[in-house]
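# A look at the structure
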Amino acid sequence: MPSITTVVAQALHTAATVLREEAPQDGMVFGELWDRILVRSPGLREDWAQVVRDSSQEVGTPFKSYVNRWASNLVRAGWLYRGGRRWQLTGIGVEALDRIPDPVDFSLEAARRYRRWERQQREVSVAVTALEQLPDGGYWVALDEVAAEFGVDSDVLGPVLRGTRTPGWYLALGEDGQAGAGLPLLPHERDQWRSLLDEEGVLDAGRSSLDTVRALPDRRMPVWEALKAAKQPLEETAADEDAPRQLWIVRGVDATTGVPLVRGPWRDDSKVTLDTGFPPPPAAARDLDSVRRAVETALPATGPARREAVSRELDAFLNRMRKGDIVLSTDGFETYVGVVDGPAAHSAERLERPVEWRNLNKPLDFLKDLPSGLSSVVQDADSQVLEATEYAETVLALIGDMPRTASLPTGPAALPDATAELAEVLHLPDTTWLQDCVELLRATPQLIFHGPPGTGKTYTALALARHLAGASSATNVRLVQFHPAYAYEDFFEGIRPRLGGGQDGDTGGGLAYDLVRGPLRKLADEAERRPAEVFVLVIDEINRGHLAKIFGELYFLLEYRNERVHLLYGSDDGRGFRLPPNLYVLGTMNTVDRSVAYMDAAMRRRFSFMELHPDTPPVAGVLDSWLRRRAEEQGKDPAAYDDSHARLLDEINRLLADGSPGDRSFRVGPSYFMQDLAHTGDGALERLWKTQIIPLLTEHHWGDGTDVEFTYGLDKLREQLGILPPSGETADSEDS
């Protein structure tokens, strides 16, 4: 029986083989490479399916994502370079492929080399920073000397530089200035090294040949001299005691799982990181303008506004943040506070800083413990780094040194049972009907309330949603309304134009286009980050939209919550997207539209349905209960309340039933009589009748010859029921 290790090892070995044979010089985009892997090794799909079926192994990540993740071993071993999405085998990788033909041995050797890098990761980061800070003027350093200076094994540092290609990587050479420092080189790698050294002005053309590239001996700089000449010392000093301690909100999530990093590597490794998606600016970029230039070079196709936002975040993390500053990060509502303990270190596509976390076992609740102004800043989910120094002293007063003992909640989220308080809010006699709704959601996380107008469908859906989300309802519940023009791009995500797409930094003209998240995508992303919390999306008038068009590929996910699909606009970055199990959907459907039949069988199968109808519980009796409570609140005897509104509603629905005995789709709900318009001021009921009840019934009877005023006139119904109107008031006199 195959294992994850053997299947992924076979995929990586096949990938390396494809790159060597089909794209030795330019490499291959991972999407194309993945297709070639499956063509070369067609049995991989079935092997992976067998791994998934094996109950002894929990596999929640797609096969493609596993391979992409494990390729990091090859990068740190120096066997593979990943520039953006393009994979390129190095000369070291080709030598390893020839030397280790067995896929499992090949993968295990890469993993062993990765672990060696991992054990020296901090030292490697400092050495990489030193290379980034080599002074201008065309100099190179000896790889062995750099490794010795920072306590790194040279056979670890050299391959890491080849695999990650951080700034200045090509300036670490052999003792005699030889490119590659004795490690295998492919012809196109020699050509690239020759070009880079020539641009730096250090290429020794006389000692270089087709097979060898060397640098000028007199341009070699001792490492100690390079560090002395660097624009910024590698070690960052603590903030001046007289300077105020700055407060930084730093957020980040694992790109694969969507889980906040403070729950995992940040707390475990005592650090915070800033992922850039490209090689970050060198440590020598000590001001905002230098950072801007680096970002413009790395992101030439990105709009000016986005580049500016990225530049400011990088500058804040790299330059403005200081040792001794305070950092704050959240996992849901749980807020963690730490103190910056050192300078920024660089890696391929990330900056990181050491942090001493102060309240890992006793997180703050940012709604309860933090000032309201700060909590609103914390909820700004569009920025990775934000300054909030004005709240620094307040946060410092809330934290202390505490041992790390508690673990963070990881889910699964649990739906609470219905309560008597919720039933009282909805004027229901008990929790039976509401508990049925909760049980249905536990079985199928989508539920629709359907029924005639005025039966409280939306009110009930929102009340239930807020009960399910509990204390987090302010952020975890969202309402949208479908209509015929509503589309996938409105609901989930779509391309949106914005002003400010001018060229060369000109923000005043032209249009730029951004991929903008819709309400479902935003809520799903938050639910993925906070799996222990309940999130609820309420879709009002769900049957008025074109459901297949609105849901798109998400149609499938409503039924298969543990599966993933690739998104229309590719924003899942190849990892696939799922609807988190802690995200619930409540819909409302007005049956008077007679559109229930247009919801196809596939969509109906994905939802449970609960009817809200005036003839049956829980709606039957709601108006009576509401009127009794209103009389009690006004100091009247609840037993002697005025039941005329309830009797009038029953009479309307009796007449409707007699007129269409086989059709229950149209009745009038009690909500019309549970509003101030029906009870406030002289002639209140008359105004309600003329502006809401009669127009509603007229629309229902349109074209069938019914005299609506004669049949449903308020005076007539009062007369039939023996209800006396308030003194001097009639409903029909103004129309006679």
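What counts as what
- Residues numbered from 1 in each chain as written.
- Predicted model: local features only at pLDDT ≥ 70, side-chain atom pairs only at ≥ 80, totals over all residues.
- Heavy atoms only, no water.
- Helix = DSSP H or I, 4+ residues; strand = E, 2+ residues; numbered from the N terminus.
- Buried < 20%, exposed > 50% of the residue type's maximum accessible area, 1.4 Å probe, protein only.
- Contact = heavy atoms within 4.5 Å.
- Areas by Shrake-Rupley, 256 points an atom, 1.4 Å probe, with all protein chains shown as cover.
- Pairing = 2+ DSSP bridges.
- Axes fitted to C-alpha atoms, helices over the stretch in contact; angles between N-to-C directions.
- Parallel < 35°, antiparallel > 145°, perpendicular 65-115°, else oblique.
- Nonpolar A, V, L, I, M, F, W, Y, C, P; charged D, E, K, R; others polar.
- Phe/Tyr/Trp six-rings, centres within 6.5 Å; stacked < 30°, edge-to-face > 60°.
- Lys NZ or Arg CZ within 6 Å of the ring centre and 35° of its normal.
- Polar contact = N/O pair within 3.5 Å; in protein donor to acceptor, adjacent residues only side chain to side chain.
- Core = buried A, V, L, I, M, F, W, Y, C linked by side-chain atoms within 4.5 Å.
- Expected span 1.5 Å × (residues − 1).
- Left-handed = near helix turned anticlockwise from the far one by under 90°.
- Salt bridge = Lys/Arg side-chain N within 4 Å of Asp/Glu carboxyl O.

## Quick look at the overall build of the chain
Helix and strand content of the chain: 30 helices and 20 strands. Burial statistics for the chain: of 736 residues in total, 51% are counted as buried. Within the chain, counting contacts between residues at least 6 apart in sequence, those at least 24 apart form 68% of the total. With the model as given, the accessible surface of the chain reaches about 33,700 Å², and the carbon-plus-sulfur share is 49%.

## Observations regarding the sheet that holds strand β18 (residues 535-540)
The strands making up a sheet associate through backbone hydrogen bonding, with each pair oriented either parallel or antiparallel. Pairing in this open sheet of five strands is parallel, and the strands run β15-β18-β19-β14-β20 from one edge to the other. Both edges of this open sheet fall to β15 (477-481) and β20 (608-611), since each of them pairs with a single strand only. Taken pair by pair, the neighbouring strands of this sheet meet at an average axis angle of 20°, ignoring direction. Direction of pairing for strand β14 (residues 446-451) relative to strand β19 (residues 583-590): parallel, over a ladder of six bridges. Across the sheet, the residue bridging to I448 is G587, located in β19. On the sheet, helix α19 (residues 457-469) packs against β14, β15, β18 and β19 and is oriented at approximately 170° with respect to β19. Sitting on the sheet, helix α22 (residues 519-529) touches β15, β18 and β19, and the angle it makes with β18 is about 165°.

## Brief notes about the packing of helix α1 (residues 4-22) against helix α2 (residues 30-40)
At a minimum axis separation of 9 Å, α1 and α2 run at an interaxial angle of 110°. It follows that α1 is roughly perpendicular to α2 by the angle criterion. Across the interface between the two elements, A11, T14, A15, T17, V18, L19, E21 and E22 of α1 pack against L33, R36, I37 and R40 of α2. Residues that form the contact of α1 with α2 fall into these classes: six nonpolar, two polar and four charged.

## Describing the pairing of β19
Extensive coverage of β19 is indicated by the burial of eight of its eight residues. Alternating residues of β19 divide into L583, V585, G587 and M589 and Y584, L586, T588 and N590, and every residue in both groups is buried.

## Some details on the environment of P159
Mapped onto the secondary structure, P159 falls in helix α9 (residues 154-164). Taking the C-alpha atoms as reference points, P159 and T90, separated by 69 residues in sequence, lie 9.6 Å from one another.

## A few points about the packing of aromatic side chains
Taken as a whole and judged by the stated rule, the model has 16 aromatic pairs. Summarising the aromatic geometry, the rings of Y114 and W117 are spaced 5.1 Å apart at their centres and angled 55° between planes, so their arrangement reads as tilted. Here Y114 pairs with W117, and both are found in helix α6 (residues 103-119), just three residues apart, close to one helical turn. A centroid spacing of 5.3 Å and a plane angle of 75° characterise the contact between F491 and F551, whose relative ring orientation is edge-to-face. Of the two residues, F491 sits in helix α21 (residues 488-491) while F551 sits in helix α23 (residues 547-551), which places them 60 residues apart along the sequence. For the pair shown, F491 and F551 are each scored as buried. Through a chain of ring-to-ring contacts, three or more aromatic side chains come together here, namely F482, Y486, F491 and F551. The cationic tip of K716 hangs over the ring face of F710; the distance from NZ or CZ to the ring centre is 3.6 Å.

## Considering the side chain of R353
The topology assignment puts R353 in strand β11 (residues 350-357). A relative accessible area of 0% places R353 in the buried class. A polar contact of 2.8 Å, which involves the side chain of R353, links it to the backbone oxygen of F317.

## Section: the nonpolar core
Of all hydrophobic cores here, the largest spans 38 residues; its most connected members are V8, L33, F63, W79, W87 and F106. Among the elements of the structure, α1, α2, α3 (44-53), α4 (63-76), β3 (86-89), α5 (91-99) and α6 are those that each provide at least two residues to this core. The element that contributes the greatest number of residues to this core is α1, accounting for nine residues. Once you skip the residues sitting within four places of it in the chain, L33 turns out to touch A15, V18, L19, M28 and W87. V160, L173, A215 and V223 belong to the second largest nonpolar core, which has 35 residues in total.

## Points about α19
Taking 1.5 Å per residue as the helical rise, α19 with its 13 residues ought to reach 18 Å, and the 18 Å between its terminal C-alpha atoms agrees with that figure. Most of α19 sits out of view: 10 of its 13 residues are buried. What α19 keeps buried is the set K457, T460, A461, L462, A463, L464, A465, H467, L468 and A469. Of the residues trailing α19, G470 is marked for its positive phi of about 65°.

## Some points on the sheet that holds strand β2 (residues 80-83)
Pairing is antiparallel in the open sheet, where three strands are placed in the order β1-β3-β2. Edge positions in the sheet fall to β1 (28-29) and β2, since each has one partner strand and no second. For β2 and β3, the ladder comprises four bridges, and the chain directions are antiparallel. Within the sheet, the bridge partner assigned to L80 lies in β3 and is L89.

## Points about the environment of I542
Here I542 shows up in the loop between β18 and α23. With 60 residues separating them along the chain, I542 and F482 place their C-alpha atoms 5.5 Å apart.

## Looking at the packing of α1 against α5
Close contact between α1 and α5 brings their axes to 11 Å; oriented N to C, the two are set at 120°. Here α5 runs oblique to α1, going by the angle between their axes. For the pair α1 and α5, the sense of crossing is left-handed. Mapping the contact onto sequence places H13, A16, T17 and R20 in α1 and V94, L97 and D98 in α5. Along the lines of polarity and charge, the residues of the contact of α1 with α5 split into three nonpolar, two polar and two charged.

## Describing the pattern of salt bridges
One side chain can pair with another of opposite charge once the charged atoms of both are near each other. Inspection of every chain in the model, using the stated rule, returns 38 salt bridges. A salt bridge links D331 to R263, with the shortest nitrogen-to-oxygen separation between them at 2.8 Å. A residue pair is termed long-range when its members are at least 10 positions apart, and D331 in strand β8 (residues 326-331) and R263 in the loop between β6 (247-250) and α12 (265-269) qualify at 68 residues. For D331, a relative accessible area of 5% gives the class buried. Relative accessible area serves as the criterion here: at 14%, R263 is assigned to the buried category. Taking the shortest distance from any N to any O, the salt bridge between D269 and K271 comes out at 3.8 Å. Overall, K271 belongs to the buried group, its relative accessible area being 11%. By sharing partners, the salt bridges in this structure join E21, E22, R36 and R40 into a single network.

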